[in-house]
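Structural features, examined
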Amino acid sequence: MDSTGTESSAGTGAEKDRAAVSLTKATPAPVPAPTTAEAPDIQSHDTFVIKKTLSLTAGEYVVSAARPDGSESQTVAYAREKQLSLRGQVTVYTDASRKSVLAAFKGRDHEVGYMYDVRDASDQSLGSFYEDAGASFLRRTWQVRQPGTMKLTGREHSRVVAFVRFIWEFVPYLEYVPFMWPYRFEYTESGKPLMTVTKKLGLHTRYVLEILAPDIDRRLAIAHTLALDALEVD
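Residues numbered from 1 in each chain as written. Predicted model: local features only at pLDDT ≥ 70, side-chain atom pairs only at ≥ 80, totals over all residues. Heavy atoms only, no water.

Some thoughts on the pairing of strand S12 (residues 205-211)
With five of seven residues buried, S12 is to be regarded as a mostly interior element. Both strand S11 (residues 192-199) and S12 contribute to a ladder of five bridges, which runs antiparallel. Bridge pairing in S12 links Val-197 to Leu-209. (Buried < 20%, exposed > 50% of the residue type's maximum accessible area, 1.4 Å probe, protein only. Helix = DSSP H or I, 4+ residues; strand = E, 2+ residues; numbered from the N terminus. Pairing = 2+ DSSP bridges.)

The following block contains the structure:
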């Protein structure tokens, strides 16, 4: 055609269409931002299995929720505690990747002796625990406090096993050997049983934590159970 501009306009429109198609192909669709995986809902579980492996420099704890038959299911907590450093902060993670914090506890001097404060990932208080020195001479006794809810007193169930454990610590070189015989701590409030921690028989360190009260914060209970073992060699 002549220079009426009609064909030129059509050509320009086609070029614009091709450019639009090209731009569409070149621009990728928006990708959703990565999200942080949520921690397991541990408050819905009542029984946990705690396993410990020991190296020359640290102890590793893996906490699993227990199925009704007692077998282990999902991992809900993980901690790595360097020997001789428990009076610093011990951080409990949701798993071995150590990317998400479940809780942390740290010791401090207190009028009752040595107090351990437990806090969540946002540094909010979950509670505290300490050993009752006056009651622990031959039968170890702990006080666990959860703000605004309950005060638990936990002590060894068997006086005989408690006495053997007490003697064990004073026999030369045996203090470096894990106590293999099973023992049990029972936690009560006003005489009502609310929680138990049972060390199982075996060469490998294994505990079962059972919680009988729905209001007990599982993070506080797990942190205390880990400390029970770590303080055996502290």
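Continuing now.
Focus on the packing of aromatic side chains
A full pass over the atoms with the stated rule returns six aromatic pairs. With a centroid separation of 5.3 Å and 15 degrees between ring planes, the pair formed by Tyr-116 and Phe-129 is classed as stacked. Of this pair, Tyr-116 sits in strand S6 (residues 113-119) while Phe-129 sits in strand S7 (residues 125-131); the two residues are 13 residues apart in sequence, bridging distant segments of the chain. We note that Tyr-116, like Phe-129, is buried. Linked through ring pairs, Phe-105, Tyr-114, Tyr-116, Phe-129 and Trp-142 together constitute an aromatic cluster. (Phe/Tyr/Trp six-rings, centres within 6.5 Å; stacked < 30°, edge-to-face > 60°.)

Considerations on the confidence of the model for the protein
Of the residues in the protein, 66% reach a pLDDT of 70 or more, and the chain-wide mean stands at 78. Every residue in residues 1-11 scores below 50 in pLDDT, and together they form one contact with partners more than four places removed in sequence or on other chains. Of the regions scoring below 50 in pLDDT, residues 16-39 engages in one contact with residues more than four places distant in sequence or in other chains. (pLDDT = per-residue confidence, 0-100. Contact = heavy atoms within 4.5 Å.)

Here's the deal with the pattern of salt bridges
Once the charged atoms of two side chains with opposite charge are near each other, the side chains can pair. Counted under the stated rule, the structure contains nine salt bridges. We note a salt bridge from Asp-229 to Lys-52, for which the minimum N-O separation is 2.8 Å. A residue pair is termed long-range when its members are at least 10 positions apart, and Asp-229 in helix H3 (residues 218-230) and Lys-52 in strand S1 (residues 47-54) qualify at 177 residues. The exposure class assigned to Asp-229 is buried, which follows from its relative accessible area of 6%. A salt bridge links Glu-60 to Arg-80, with the nearest nitrogen and oxygen atoms 2.9 Å apart. Here Arg-80 lies in strand S3 (residues 72-82) and Glu-60 lies in strand S2 (residues 58-66), a separation of 20 residues in the sequence. (Salt bridge = Lys/Arg side-chain N within 4 Å of Asp/Glu carboxyl O.)

Structural notes on H3
The end-to-end C-alpha distance of H3 is 18 Å, a good match for the 18 Å that 13 residues give at a rise of 1.5 Å each. Where burial is concerned, most of H3 is hidden: twelve out of the 13 residues are buried. For H3, the set of buried residues is Arg-218, Leu-220, Ala-221, Ile-222, Ala-223, His-224, Thr-225, Leu-226, Ala-227, Leu-228, Asp-229 and Ala-230. (Expected span 1.5 Å × (residues − 1).)

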